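Residue-level listing of the chains:
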Amino acid sequence: MDMHPCPNCGKSDVHWDSALTSDEGAPARRYSGSCPGCRSPRAFVFRLPERPLLPGPADVVLFGGDDPSELLDAGEWLYVADVCAQAAAGGPGREPGPVLSAEARESLIVAVAAMDEVLKFIPPEKDEVPRAGFWSDRSRTLRQTEPSRFRRRRLLTVRNTYRDALARAAS
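A brief look at the structure comes next. (Residues numbered from 1 in each chain as written. Predicted model: local features only at pLDDT ≥ 70, side-chain atom pairs only at ≥ 80, totals over all residues. Heavy atoms only, no water.)

The next subject is the nonpolar core. The tendency in soluble globular proteins is for nonpolar side chains to be buried side by side. Counting residues in hydrophobic clusters, the biggest one holds 31 residues, and the most contacted among them are V80, L108, V118, V129, F150 and L155. Secondary structure elements with two or more residues in this core: helix 1 (74–89), helix 2 (102–119) and helix 4 (152–170). A per-element tally of this core places helix 2 first, with 10 residues. Among all residues touching F150, those that are not within four sequence positions of it are A74, G75, L78, V118, I122, D127, E128, V129, F134, L142, R143 and L155. (Core = buried A, V, L, I, M, F, W, Y, C linked by side-chain atoms within 4.5 Å. Buried < 20%, exposed > 50% of the residue type's maximum accessible area, 1.4 Å probe, protein only. Helix = DSSP H or I, 4+ residues; strand = E, 2+ residues; numbered from the N terminus. Contact = heavy atoms within 4.5 Å.)

The next thing to look at is the sheet that holds strand 3 (residues 41–47). The sheet built from 3 strands is open, its strands ordered 1-2-3 with antiparallel pairing. If you trace the sheet from one side to the other, it starts and ends with strand 1 (17–23) and strand 3, each paired once. Going from strand to strand, the sheet's axes swing by 30° on average, the running direction of each strand aside. Bridging between strand 1 and strand 2 (residues 26–34) involves 7 bridges; their strand directions are antiparallel. The residue of strand 2 that forms the bridge with T21 is A28. (Pairing = 2+ DSSP bridges. Axes fitted to C-alpha atoms, helices over the stretch in contact; angles between N-to-C directions.)

Inspection of the entire model under this criterion finds 5 aromatic pairs. Three or more aromatic residues link up through ring pairs in this structure, and these residues are W16, Y31, F44 and F46. A cation over a ring is seen here: R138 above Y79, with NZ or CZ 4.1 Å from the ring centre. (Phe/Tyr/Trp six-rings, centres within 6.5 Å; stacked < 30°, edge-to-face > 60°. Lys NZ or Arg CZ within 6 Å of the ring centre and 35° of its normal.)

Remark: helix 2 packs on helix 4, axes separated minimally by 10 Å, with the N-to-C direction vectors making an angle of 155°. Relative to helix 4, helix 2 is oriented roughly antiparallel. Helix-helix and strand crossings are classified by hand; for helix 2 and helix 4 the assignment is left-handed. Between helix 2, through R105, L108, I109, A111, V112, M115, D116, V118 and L119, and helix 4, the contact on the second element is made entirely by R152, L155, L156, V158, R159, Y162, R163, A165, L166 and A170. Its residues placed into classes, the contact of helix 2 with helix 4 shows 14 nonpolar, no polar and 5 charged. (Parallel < 35°, antiparallel > 145°, perpendicular 65-115°, else oblique. Left-handed = near helix turned anticlockwise from the far one by under 90°. Nonpolar A, V, L, I, M, F, W, Y, C, P; charged D, E, K, R; others polar.)

Laid out in structure tokens, this is it:
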């Protein structure tokens, strides 16, 4: 929700209240609040999965099922991975060290899960995220300026690099 700031003033630090609801008959969770900048009402409704997702092991984060996300597009998931990997490394352009703090480890675990979400957008017979996997302005711009970042091979390499850094830090 923070990735979608207020369209009127650009603020994103809303205090969200949540409640169970339905969306076209499907169970959902509704988040609502007021923009702290302009007081405009804000709301997001997320459909809940048909069956609950089972949590993974302690070092695995799961964001969704086997299908591509409907909430964030491929570029937004890559952005999440980038931000988390940078946080784990201590800043842009740096690599995670051999020893990770608990916070850095958690950030890298989320980066791996976000990379997995990007990969879900690639159909089995394709080698890159198709155009339909980009619907936000940020993502379309990223795809246009750095299209190679959305190729399966590169995505797998980056994801595996994050996994390797986690494994090194655990040993």
